[in-house]
Amino acid sequence: MDNYINFGSKDTRSGFGEGLTELGRNNPNVVALCADLTGSLKMQDFKNENPERFFQIGIAEANMMGIAAGLTIGGKIPFTGTFANFSTGRVYDQIRQSIVYSSKNVKICASHAGITLGEDGATCQILEDIGLMKMLPGMTVINPCDFNQTKLATIAISEFKGPVYLRFGRPKVPNFTNEKSNFQIGKGIILKSGKDVTVVATGHLVWKAIQAAEEMKKHKISVEVINIHTIKPLDNQIIINSVKKTRCIVTAEEHNYLGGLGESISGMLSKTHPTHQEFVSVNDSFGESGTPNQLMEKYGLNKESIIDKIKKVIKRKKIKL
Amino acid sequence: MSDIKELENTVIQVRRDVLRMVHKVNSGHPGGSLGCTEFFVSLFYNVMETKLPFDMNGKNQDIFFLSNGHISPVFYSVLARKGFFPIKELETFRLINSRLQGHPTTHEGLPGVRVSSGSLGQGLSVSIGAALTKKLNKDSKTVYVLLGDGELQEGQNWEAIMFASAKKVDNIIATIDLNKKQIDGSTDDVLSLGDLNMKFKSFGWEVINLDKGNNISETISSLKEAKSKLGKGKPVFILMKTEMGNGVDFMMNTHEWHGIAPNDEQLKNALKQNPETLGDY
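Remember, predicted model here, so these are calculated numbers, not experimental data.

The helix and strand inventory of chain B stands at ten helices and seven strands. A compact globule built from 281 residues should have a C-alpha radius of gyration of about 19 Å, and chain B, at 18 Å, falls within 12% of that. Oriented by its inertia axes, the alpha-carbon framework of chain B measures out at about 50 × 45 × 35 Å. Burial statistics for chain B: of 281 residues in total, 52% are counted as buried. Considering only contacts in chain B between residues 6 or more positions apart, those separated by 24 or more positions represent 77%.

This is the structure in C-alpha cells:
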C-alpha cells in the first residue's frame, strides 16, 4: 500500500461531474440544481441526459438552497452545484434553517474550494467553508483528495440520508486512489504506515503528504499518512491509534487553521490523547489572485511545509505533555 | 365541507387558543396570528385536503408551508384542532422540552410542519421546491404557502418570485398576509412595498386581490379562484388584506401587538369578546 502513482492528473470537480452523471443514470430520485455554473461544476452531462431533473436556478444561491430543501419533500435527492464560497458563506442561513435544522436530505456540492480557485482572487475563494459547515449540528462534511475519490464520494452521499457538504476543487491534481475502492463516509484511510510521525491530510494536500512522506524516508523518518476525507463525523479512532504509536501529528489542509480539520483533530485529541501537533493550513488570512500552484507555494500549502512541520513536531516530542 | 357558521365558531376557538397560548408564556406573536385566523381555518377546514397521520413527503396531498413562522400560535392551534397532534399539547407552547417551539420546526417532529421557519424570506423557495417535486412525481395536488407582507423586504423572495414564473411553477398558491404592519411600524413607513399587485403581475404571476381576508366566505372563494387558475403556466398570488389583531378590539388598528402577549386583565377582556365555542384546551 505504500507506493502511489499518479494515473494522470484530473480535476476533482470532474470526478463530481462523472459521479453525478452516473447517479442520473442509476437513481431516478437524484435531481440537480445549479446557479449559473453548469460548465464549471461539470454538470452538463447530467443536464443533457436528464433535462427534466436539472434545474437552472440562475444567479440566486439563496433561492437554490430553499428550492433544494423543498425538493426533498416527496422523496427527491437534490444535489446543488456552485462554487464553495457561494455554496456556504453566501447562504449560511438558508442552509442552517431550511436544510440542516429541517433535516433535509440535500447534498451541497461545492467546487473551486480553497485557494486553488486561483486567479479570480479572494472574493471568489473561500478558506472558511469547512468551519462554517462543520459547526452545523447534523451536517456531514466531506473533502475528497482526487478525481477517483470525489467520484466515489458523490455516489456514496446519494445513499446516505441527511444533509452533506461535499467540497472539491478546480485545478488538475494527481489522481492516485483506487477507482474501485469502497468509499465509507466517516472512515479515514491509512495511505502509508509509519512509526515516527502521523500526517493527517485532506483534499489537495493528501498527495503532497504522500510526497513528503517519501522524502522523509530518505532521512530515515517513518511517516504514517492518513487521508481524512470525512471531516465530520471525524474518524477519531484511526487518528488516536496512530498517535499512540507516533506521539506527534501534522495536519494538512487547504483551509484556514481556524475552523479546519486540524482544529477538529486538536480538539478531539486534547480530550482523548493530548499530542504535539503542527498545522499546515492558511494562517487566518484571505487568499489573493495567482495561479493555483503559486498560491499553494506562497501560503505554505506544499510538500516543503509538511516536511518542515514534520521536523518541528518530531523535535517537540521530547517535551513531555 | 363545513358550513360557514361552523367555520366561524372554529375561528373564535382558535383565537382563544392563540390568546391563551401567548398569555401563558408572556411571549409570542398574537397580532399576525389573529389576523390570519380566518385564512388558516378556511384553508385547513375547507379548501385544502389534509391527510392523517401526517406524512412528511405528502405525496398526492395538498401541502402547506408557513414562511412567516412567528405566527406559529395560529398554525399550531389549527393543526391541533385538525387532529395532527393532541389539542392538550397547545399548553406546552414555547415551554422547555416542547415540540411547539417559538417558531415552527421539524426538529422536534411536530406533525404538520414540513420545514423550519423564523428567519424570514425562505418559505417561498422551499414551497417552489416542493411544487417541482410534485410535478416530477406526476402529483396533481397543490402547494400552499403563506408569507407576511413585511418579509417581502427579504431579497430571497424576489429570487423565488422570478424563478417560479420563469419556470412555470403553476401548482403553487402563495398568499401574502397584507396587514401593512411590521415590528417597527407600518410597512409604508419602514420600507414601502410599493404596488405589489403591479409588481407581482410584472413578474409574471397571476394575482388575486382578497380585500376581506378576515371574512371566511370571501377567503374561501379567493382560494378557490386561485385554484382554478393553476395549471395554466403561471403561479398564483393572493394579496390578502387582513387586520392585525382581528377579533380583539384593543389589538386592532395598531402594530403594537405584533410580538407581545396580553396581561391577565387584557386576556380576560379579549376572551370575553371571543366566547368559548369548541372547548378550550
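Once that is clear, we can look at the overall build of chain A. In terms of regular secondary structure, chain A is built from twelve helices and 14 strands. Taking 20 Å as the expected radius of gyration for a compact globule of 321 residues, we find that chain A reaches 19 Å, a close match to that expectation. Seen through its principal axes, chain A has C-alpha atoms that stretch 60 × 40 × 35 Å. Taking all 321 residues of chain A together, 62% fall into the buried category. In chain A, of all internal contacts separated by at least 6 residues, the share reaching a separation of at least 24 is 81%.

Moving on to helix α9 (residues 216–228) of chain B. Residue and element names in this part refer to chain B. Over its 13 residues, α9 extends 18 Å from the first C-alpha to the last, a length consistent with the 18 Å expected when each residue adds 1.5 Å. Among the residues of α9, I216, T219, I220, S222, L223 and A226 are the ones counted as buried. For α9, the buried positions fall inside an angular range of 160° around the axis, keeping them on one side. Exposed side chains of α9 directed beyond 90 degrees from the buried face belong to K224 and S228. Next to the buried residues of α9 lie α1 (4–25), α3 (37–47), β3 (172–178), β6 (206–210) and β7 (236–241).

With that out of the way, let us pick up the interface of chain A and chain B. Taken together, the 25 residues of chain A in the interface contact 29 residues of chain B. For the side of chain A that touches chain B, the secondary structure elements donating two or more residues are α3 (61–71) and α5 (92–100) of chain A. Among the elements that take part in the side of chain A that touches chain B, α3(A) stands out by supplying eight residues, more than any other. Counted by class, the side of chain A that touches chain B contains ten nonpolar, eleven polar and four charged residues.

All names here are of chain B. The buried fraction of strand β2 (residues 143–148) amounts to six of the six residues, a majority that puts the element mostly inside the structure. Covered by surrounding structure in β2 are V143, V145 and L147 together with Y144, L146 and G148, the residues of both alternating faces. Sheet topology places strand β1 (residues 63–66) next to β2; four bridges connect them, and they run parallel. The residue bridging L66 from the neighbouring strand is L146, located in β2. Two strands pair when backbone bridges link them, and β2 and β3 are joined in this way by six bridges, in the parallel orientation. Considered in β3, the bridge of L147 is made with I176. Following the chain from β2 across helix α6 (residues 155–166) to the adjacent parallel β3, one finds a crossover that is right-handed.

Right, let's get into the sheet that holds strand β11 (residues 223–227) of chain A. Residue and element names in this part refer to chain A. Strand order in the open sheet formed by five strands is β9-β11-β10-β13-β14, and the pairing between neighbours is mixed. Both edges of this open sheet fall to β9 (189–192) and β14 (276–282), since each of them pairs with a single strand only. The average undirected angle you get between the axes of adjacent strands in this sheet is 25°. Bridge count between strand β10 (residues 197–201) and strand β13 (residues 248–256): four bridges; the pairing is parallel. From the neighbouring strand, V199 faces β13, where its bridge partner is V250.

Residues and elements named next belong to chain A. In a regular helix each residue adds 1.5 Å, so twelve residues correspond to 16 Å; helix α10 (residues 261–272) covers 16 Å between its end C-alpha atoms and thus fits that length. Taken residue by residue, α10 has L261, G262, E263, S264 and I265 as its buried positions. Against α6 (129–134), β10, β12 (230–232), α9 (236–246), β13 and β14 lie the buried residues of α10.

Residue and element names in this part refer to chain A. In contact at an axis separation of 7 Å, helix α1 (residues 12–26) and helix α7 (residues 147–158) are set at 40° when each is read in the N-to-C sense. Here α1 runs over α7; the crossing is right-handed. Seen from α1, the contacting residues are T12, S14, G15, F16, E18, G19, L20, E22 and L23; seen from α7, they are F147, N148, T150, K151, T154, I155 and S158. Of the residues in the contact of α1 with α7, the class split is five nonpolar, eight polar and three charged.

With that settled, consider the packing of α9(A) against α10(A). All names here are of chain A. Two numbers describe how α9 lies on α10: the axes approach to 11 Å, and their chain directions differ by 65°. For the crossing formed where α9 meets α10, the hand is right-handed. Along the contact surface, α9 presents N236, I239, I240 and V243, while α10 presents I265, M268, L269 and T272. The residue inventory of the contact of α9 with α10, partitioned by class, reads six nonpolar, two polar and no charged.

Attention now goes to the environment of B:I208. Residue and element names in this part refer to chain B. Topologically, I208 is positioned in strand β6. Along the backbone, I208 and L223 are 15 residues apart, and their C-alpha atoms lie at a distance of 8.9 Å. Ignoring anything within four residues of it in the chain, the contact list for I208 reads S222, E225, A226, V236 and I238.

Our next topic: the sheet that holds β7(B). All names here are of chain B. Strand order across the open sheet formed by five strands is β1-β2-β3-β7-β6, with parallel pairing between neighbours. Edge positions in the open sheet fall to β1 and β6, since each of these has one partner strand only. Across the sheet, the mean angle from the axis of one strand to that of its neighbour is 20°, orientation sign disregarded. As judged from the five bridges shared by β6 and β7, these two strands associate in the parallel manner. Counterpart to E206 in the pairing with β7 is V236. Here α9 sits on the sheet in contact with β3, β6 and β7, set at roughly 170° to β6.

It is worth spelling out the environment of B:S186 at this point. Residues and elements named next belong to chain B. Inspection of the secondary structure assignment puts S186 in strand β5 (residues 185–186). Judged by C-beta crowding, with 13 C-beta atoms within 10 Å, S186 ranks as partly exposed. When the C-alpha atoms of S186 and H29 are compared, they prove to be 16 Å apart, with 157 residues separating the residues in sequence. If near-sequence neighbours (up to four positions away) are discounted, S186 is found in contact with K180, K181 and H255.

What counts as what
- Residues numbered from 1 in each chain as written.
- Chains lettered and ligands numbered in written order.
- Predicted model: local features only at pLDDT ≥ 70, side-chain atom pairs only at ≥ 80, totals over all residues.
- Helix = DSSP H or I, 4+ residues; strand = E, 2+ residues; numbered from the N terminus.
- Rg over C-alpha atoms; globule rule 2.2 N^0.38 Å.
- Buried ≥ 20, exposed ≤ 12 C-beta atoms within 10 Å, placed from the backbone.
- Contact = placed C-beta atoms within 7 Å.
- Expected span 1.5 Å × (residues − 1).
- Arc of directions from axis to C-beta.
- Nonpolar A, V, L, I, M, F, W, Y, C, P; charged D, E, K, R; others polar.
- Pairing = 2+ DSSP bridges.
- Right-handed = clockwise from strand over helix to strand, strands pointing away.
- Axes fitted to C-alpha atoms, helices over the stretch in contact; angles between N-to-C directions.
- Left-handed = near helix turned anticlockwise from the far one by under 90°.

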